[in-house]
Amino acid sequence: MQNYYQKPIQRVSTEFKERFDDFFLANARKTDAPVSSLAMPDFQKQLFIDKAIANNSPITIEMIPFNVSESTSFATGQLSKISKSRFLLKSSKSVSFFIDFNQIKFITLK
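1. Some remarks on helix α2 (residues 42-55)
Given 3.6 residues to a turn, an α-helix orients residues that are three or four positions apart in the same direction.
Part 1 of the reasoning: Between the first and last C-alpha of α2 there are 20 Å, a value that for 14 residues agrees with the 20 Å anticipated at 1.5 Å per step.
Part 2 of the reasoning: Residues of α2 that are buried sit in contact with β1 (59-63), β2 (73-81), β3 (86-90) and β5 (104-109).
Part 3 of the reasoning: Residue N56 follows α2 closely and has a positive phi angle near 55°.

Printed below as a string of structure tokens:
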């Protein structure tokens, strides 16, 4: 009688273990990859840009990729305004980026 119940219990416990491992291992793999943020609303991006320029604080910008095959790119540095929707990001590595407001996906103040 005990063997009769043991097989279904083993099957359930094995399936539970596999699904449990798949779920947590899949989530662990996701955390190793670079995190892509959701796009910020325009008013919030403008607020962060204004604060960064006023305080002359460094920021990190996640930019929308140009092509579908490209991944998002990140840039860190000091932001200055060129025109209403164009900015210059000066990196600490002597690299400058011309950025259009529509290219910005996410901004992080440091």
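2. Topic: the side chain of T60
Part 1 of the reasoning: Positionally, T60 belongs in strand β1.
Part 2 of the reasoning: The class for T60 is buried, based on a relative accessible area of 16%.
Part 3 of the reasoning: At a separation of 3.1 Å, a polar atom in the side chain of T60 contacts the side chain of T76.

3. With respect to the sheet that holds strand β4 (residues 96-100)
Part 1 of the reasoning: In spatial order, the strands read β4-β3-β2-β1-β5; together these five strands make up an open sheet with antiparallel pairing. The strands lining the two open edges of the sheet, one partner per strand, are β4 and β5. Between one strand and the next, the sheet's axes are offset by a mean angle of 40°, whatever the strand orientation.
Part 2 of the reasoning: With five bridges joining them, β3 and β4 adopt antiparallel strand pairing. Bridging across to β4, K90 finds its partner in S96.
Part 3 of the reasoning: Running at roughly 45° to β5, α2 makes contact with β1, β2, β3 and β5 of the sheet.

4. Regarding the environment of K84
Part 1 of the reasoning: For K84, the location among the structural elements is in the loop between β2 and β3.
Part 2 of the reasoning: Considering only alpha carbons, one finds K84 and D100, 16 residues apart in sequence, at a separation of 9.4 Å.

Criteria and thresholds
- Residues numbered from 1 in each chain as written.
- Predicted model: local features only at pLDDT ≥ 70, side-chain atom pairs only at ≥ 80, totals over all residues.
- Heavy atoms only, no water.
- Helix = DSSP H or I, 4+ residues; strand = E, 2+ residues; numbered from the N terminus.
- Expected span 1.5 Å × (residues − 1).
- Contact = heavy atoms within 4.5 Å.
- Buried < 20%, exposed > 50% of the residue type's maximum accessible area, 1.4 Å probe, protein only.
- Polar contact = N/O pair within 3.5 Å; in protein donor to acceptor, adjacent residues only side chain to side chain.
- Pairing = 2+ DSSP bridges.
- Axes fitted to C-alpha atoms, helices over the stretch in contact; angles between N-to-C directions.

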